[in-house]
Amino acid sequence: IKPSRFMQPKVGMRPVVQSIGDLGADERTNMQIFEQTAPSVTYITSTSKRFQRGFFSFNVMEIPQGEGSGFLWDDKGHIVTNYHVIYEADEIEVKLQNGKSYDASIVGKDPDHDLAVLQIDAMNLNIPPVMIGSSNDLRVGQKVLAIGNPFGLDSSLTTGIISALGRTIQSMTKRDIYDVIQTDAAINPGNSGGPLLDSFGRLIGVNTAIISPSGTYSGVGFAVPVDTVNRIVTKLINYGKVGRPGLGISLIPEHFMSRWGIEGVGILEVYKGSSAEEAGLRKIKRLPSGRIEMGDIIIECDGSQVRKSSDLIRILDRHEVGDEVDIVIIRSGVKKSVRITIQSIN
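Definitions and limits used
- Residues numbered from 1 in each chain as written.
- Predicted model: local features only at pLDDT ≥ 70, side-chain atom pairs only at ≥ 80, totals over all residues.
- Heavy atoms only, no water.
- Helix = DSSP H or I, 4+ residues; strand = E, 2+ residues; numbered from the N terminus.
- Contact = heavy atoms within 4.5 Å.
- Areas by Shrake-Rupley, 256 points an atom, 1.4 Å probe, with all protein chains shown as cover.
- Buried < 20%, exposed > 50% of the residue type's maximum accessible area, 1.4 Å probe, protein only.
- Core = buried A, V, L, I, M, F, W, Y, C linked by side-chain atoms within 4.5 Å.
- Lys, Arg positive; Asp, Glu negative; His and termini not counted.
- Salt bridge = Lys/Arg side-chain N within 4 Å of Asp/Glu carboxyl O.
- Polar contact = N/O pair within 3.5 Å; in protein donor to acceptor, adjacent residues only side chain to side chain.
- Phe/Tyr/Trp six-rings, centres within 6.5 Å; stacked < 30°, edge-to-face > 60°.
- Lys NZ or Arg CZ within 6 Å of the ring centre and 35° of its normal.
- 1 Å grid on protein atoms, 1.4 Å probe; cavity = no way out; pocket = protein on both sides within 12 Å on 5 of 7 lines; lining within 4 Å.
- Points joined across faces, edges and corners; volume = space filled by probe spheres on them.
- Nonpolar A, V, L, I, M, F, W, Y, C, P; charged D, E, K, R; others polar.
- pLDDT = per-residue confidence, 0-100.
- Pairing = 2+ DSSP bridges.

*Asks:* How would you sum up the overall build of the chain? Please name residues and give values.
*Replies:* Secondary structure summary: the chain contains five helices and 23 strands in total. Taking the contacts inside the chain whose residues are at least 6 apart along the sequence as the reference set, 60% of them involve residues at least 24 apart. Carbon and sulfur atoms provide 51% of the accessible area of the chain, an area that totals close to 19,300 Å².

*Asks:* Please set out unusual backbone geometry residue by residue, giving values where relevant.
*Replies:* The backbone of D302 sits at a positive phi, close to 55°, despite the residue not being glycine. You can see D302 is positioned in the loop between β19 (297-301) and β20 (304-305). Overall, the relative accessible area of 40% leaves D302 in the partly exposed class. The backbone phi angle of S332 is positive, close to 55°, even though this residue is not glycine.

*Asks:* So what about the nonpolar core? Which residues, and what values?
*Replies:* Grouped together as the largest cluster of nonpolar side chains are 26 residues, with contacts concentrated most on F71, W73, V80 and V229. Contributing elements (two or more residues each) for this core: α1 (25-37), β6 (115-119), β8 (143-148), β10 (176-183), β12 (202-210), β13 (221-225) and α2 (226-239). Here W73 is in contact with H78, V80, P129, I132, L203, V229, N230, V233 and I237, once residues within four sequence places are set aside.

*Asks:* Break down the side chain of D74 for me, with residues and values.
*Replies:* Its location among the elements puts D74 in the loop between β2 (58-72) and β3 (78-81). Summary of buried charges: D74 has no salt-bridge partner, and the nearest side chain of opposite charge, K76, is 5.3 Å away. Polar side-chain contacts of D74 include one of 3.0 Å to the backbone nitrogen of K76. A polar contact is formed between the side chain of D74 and the side chain of H78, at a distance of 2.8 Å. Among all residues touching D74, those that are not within four sequence positions of it are P129 and I237.

*Asks:* Give a detailed account of the packing of aromatic side chains, specifying residues and quantitative values.
*Replies:* Counted according to the given criterion, the structure contains three aromatic pairs. Between Y83 and Y87 the ring centres are 5.7 Å apart and the planes differ by 65°, which places this aromatic pair in the edge-to-face class. On the accessibility criterion, Y87 (31% relative accessible area) is partly exposed. Directly above the ring of Y178 sits R314, whose terminal nitrogen or CZ lies 5.7 Å from the centroid.

*Asks:* Help me get a handle on empty space enclosed by the protein, residues and values and all.
*Replies:* The final tally for this structure, using the stated rule, is one cavity of 30 Å³ or more. In terms of lining, the largest cavity is formed by D110, D112, H113, R175, V242, G243, R244, P245 and D317. In terms of residue class, the lining of the largest cavity is built from two nonpolar, two polar and five charged.

*Asks:* Help me get a handle on the environment of K174, residues and values and all.
*Replies:* Structurally, K174 can be placed in the loop between β9 (156-170) and β10. For the pair K174 and D112, spaced 62 residues apart in sequence, the C-alpha separation works out to 7.8 Å.

*Asks:* I'd like a rundown of the pattern of salt bridges, residues and numbers included.
*Replies:* Applying the stated criterion to the full structure yields 12 salt bridges. R175 is paired through a salt bridge with D317; the nearest N and O atoms lie 3.9 Å apart. Taken together, the residues R175 in the loop between β9 and β10 and D317 in helix α5 (residues 309-317) connect sequence positions 142 residues apart. Like D317, R175 is buried. Within this structure, E324, D326 and R339 form a network of salt bridges that share partners.

*Asks:* A description of the confidence of the model for the chain should follow, citing residues and the corresponding values.
*Replies:* Mean pLDDT over the chain: 87, with 90% of residues reaching 70 or higher. By mean pLDDT, the top-scoring element of the chain is β3 (97), and the lowest-scoring one is β2 (68). This stretch, residues 55-63, has a pLDDT under 50; its non-local contacts, to residues over four places away or in other chains, come to 22 contacts.

*Asks:* An account of the environment of D302 is needed here, citing residue identities and associated values.
*Replies:* As a C-alpha pair, D302 and I327 span 25 residues in sequence and 6.2 Å in three-dimensional space. Residues contacting D302, with those up to four places away along its chain left out, are I315, H319, V325 and D326.

*Asks:* Explain the pairing of strand β5 (residues 101-110) to me, using residue names and the numbers behind them.
*Replies:* One ladder, built from four bridges, connects strand β4 (residues 91-95) with β5; its direction is antiparallel. Residue V94 lies in a different strand from β5, and its bridge partner there is Y102. A loop of five residues connects β4 with β5, the two strands running antiparallel in sequence, and G99 in this loop sits at a positive phi of about 90°. Sheet topology note: the β5/β6 ladder contains five bridges and is antiparallel. Looking across to β6, one finds that G108 is bridged to V117. Connecting β5 to the next strand, β6, in antiparallel fashion are four residues, including D114 with a positive phi near 55°.

*Asks:* Can you explain the environment of F34? Please cite residues and give values.
*Replies:* Structurally, F34 can be placed in helix α1. Along the backbone, F34 and L145 are 111 residues apart, and their C-alpha atoms lie at a distance of 8.7 Å.

Next comes the structure, spelled out in structure tokens:
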């Protein structure tokens, strides 16, 4: 006969096993970095106002647009996030770890680098901004920490390493973002715009994308490097926009250059009043006989070899509008060095 459960002896709670020693140094570091950084990481939601037609009128509807993360950049209430987080937003709300919510305005946005700067009322914030590091001396294998709001779950911490450096991803405008950091730290929807930190708690990148058919973490995440972020954010705060660096030329399509067996970047057009015209660069010409006379071919820029247009764009992207660079061209079979000023092509 099976005894009744009421007749069985009562079971007490199991005793707690005391820990042997302290937490590991790595755990304590993770905890310290999270505690000092999490208050400055924000949860961002945006809505878009759309008109819906009724029988007699247009009604305004607020449609959820996007959500993601961001972080305090300075003590003036500037917040950095991804452009795609606030894309087409009419209203943006920023929520801090302390539970307070703020209406945010857009200070500036750079879709080409998937970055945007917002601003909230900085009165009585009393929250230190994220510390800024550098991305030019990172090494594969370094420990990294990501803080964000995956799936709307606020203040989540994931850790990992730098898996690769120098990656290239595409922004929403289909323009390449160069020198991107690849990490295996779990990055999911909602982490976008949040900080990627080194083991000292310094910002080394802004989490921006994952590669996964399902749109969720699959071991590969990317972050825009902090050196790019620092440069772009400073421009957005000061001017509200970023001038894309260029030379005032258009380029011969690469498939033509490949078909002709020419390595380098051929100049298709030199725009009037441009830096290229001032430097005396020459475009391709069609002669009265119908023959094509090749113009200047750029083979080096700022000391780096140029084999295709993406090489030139990547080199120029590291410079400011107004900087001067030396380019090496081939003109009529002869190498020539030309100094040229970088201009804005927006």
